[in-house]
Amino acid sequence: MMNTDQIDTLAQALDDASIRAVAIPPLSKHHAVTIDEAYRIQQATVARRLARGERVVGIKMGFTSRAKMAQMGVHEQIFGQLTDAMRVDNGASISLAHFIHPRGEPELAFLLKRSLPADVTEDEAREAIQSVAAAIEIVDSRYEAFKFSLTDVIADNASAVGFVLGPWTACPAQLLGLEMTLTIDGEPRQLGSSSEILGDPLRSLVAAARLAAQAGMPLQAGWIVLAGAATSAEALTAGSCVDARVKGIGSVGFRVHAEAIPAA
Ligand code: OOG
Ligand code: MG
């Protein structure tokens, strides 16, 4: 069992890596971390963000599609926490300088009008949806070469660094079979379907309610839930224009600043 000091030390290493945008070796290289301990480390990294004035605005689900499981070699659903500081306005520009090796992935976002208990049914989860939006998640592992174990990535807040939301819209009767595309510089790079998210993105919301409540932070009214990417993620490169579209729901996008040209 890890004590609070050990948890805090590992959280600090991850938080520093995030602030400095310099990767560290995976925790699992030197420590045997359980899933419970990994979520405690995650909580401690988020506590450091809260101490800097950030606010939790929701959660993100990870590894809810086969494409993501295969890309990252992690086969269990996890969650990470989203803060207000991670939000990137639709259409805004970001700088790569703040990140290590960021990637973008197409997602679907839920806005909740009600809190959700651990044992919520699919019908109750649907009832709790205020609206939905096309989203892009920006993930950036704090680990070298973007390589990690299940507990490593949980501790690292599920690689959360940014999210971009398209306009909120009423939840359609069916969330199945919606085509999801990630486009870079006008070129479609990833193509998937909302059905690839646990068979139905609504199931991801149900899973989110369960995991978050089990971790002692039940989903709240007003929170955002990212359902998890339907496809693999794409590396972000300087000067590119990244867009995602969820058919029937909407579009969202952002730009990556061109690299600053060093003075001669
Ligand atoms: C991020 C964790 C998974 C998703 O949508 O499945 C995730 C990562 O790939 O490092 O965000
Ligand atoms: Mg994601």
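What you see is a predicted model; the values in this text were computed from it and never measured. (Residues numbered from 1 in each chain as written. Chains lettered and ligands numbered in written order. Predicted model: local features only at pLDDT ≥ 70, side-chain atom pairs only at ≥ 80, totals over all residues. Heavy atoms only, no water.)

Caption draft 1: A look at the pattern of salt bridges. Per the counting criterion, the structure on display carries eight salt bridges. Between arginine 52 and aspartate 15 there is a salt bridge, and its shortest N-O distance comes to 2.8 Å. With arginine 52 in the loop between helix H2 (35-51) and strand E1 (56-62) and aspartate 15 in helix H1 (residues 4-20), the pair connects residues that are 37 residues apart, well separated along the chain. Residue class for arginine 52 comes out partly exposed when judged on its relative accessible area of 41%. Taking the relative accessible area as the measure of exposure, aspartate 15 reaches 4% and is therefore buried. In this structure, the salt-bridge partner of glutamate 137 is lysine 60, at a minimum N-O distance of 3.0 Å. A residue pair is termed long-range when its members are at least 10 positions apart, and glutamate 137 in strand E6 (residues 129-139) and lysine 60 in strand E1 qualify at 77 residues. The class of lysine 60 is buried, set by a relative accessible area of 3%. Residues joined in a network through salt bridges with shared partners are Asp15, Arg48 and Arg52. (Salt bridge = Lys/Arg side-chain N within 4 Å of Asp/Glu carboxyl O. Helix = DSSP H or I, 4+ residues; strand = E, 2+ residues; numbered from the N terminus. Buried < 20%, exposed > 50% of the residue type's maximum accessible area, 1.4 Å probe, protein only.)

Caption draft 2: View of the nonpolar core. With 77 residues, the main nonpolar core has Ile41, Ile59, Phe110, Leu205, Leu219 and Phe254 as its most contacted residues. Contact partners of leucine 205, with chain neighbours within four places excluded, come to Phe110, Leu112, Leu116, Ala125, Ile129, Leu219 and Val225. Within the second largest apolar cluster, 11 residues are counted, among which are Ala135, Ala160, Leu165 and Leu226. (Core = buried A, V, L, I, M, F, W, Y, C linked by side-chain atoms within 4.5 Å. Contact = heavy atoms within 4.5 Å.)

Caption draft 3: Here's a closer look at the site of ligand 1. Taken together, 16 residues surround ligand 1, and among them Lys60, Phe63, Lys68, Ser159 and Ala229 come closest. Here an oxygen atom of ligand 1 and a side-chain polar atom of lysine 68 are 2.7 Å apart. With respect to ligand 1, the side chain of glutamate 105 contributes an N or O atom lying 2.8 Å from an oxygen atom. The fraction of the free accessible surface of ligand 1 (320 Å²) that becomes covered by protein chains is 100%. Residue assignment for the shell around ligand 1 shows that the elements contributing at least two residues are E1, helix H3 (66-72), strand E5 (103-112) and E6. It is E1 that provides the largest number of residues to the shell around ligand 1, a total of three residues. For the shell around ligand 1, the per-class residue count stands at eight nonpolar, three polar and five charged. (Near = heavy atom within 4 Å. Polar contact = N/O pair within 3.5 Å; in protein donor to acceptor, adjacent residues only side chain to side chain. Areas by Shrake-Rupley, 256 points an atom, 1.4 Å probe, with all protein chains shown as cover. Nonpolar A, V, L, I, M, F, W, Y, C, P; charged D, E, K, R; others polar.)

Take it as geometry only, folks, not as evidence of what the structure does.
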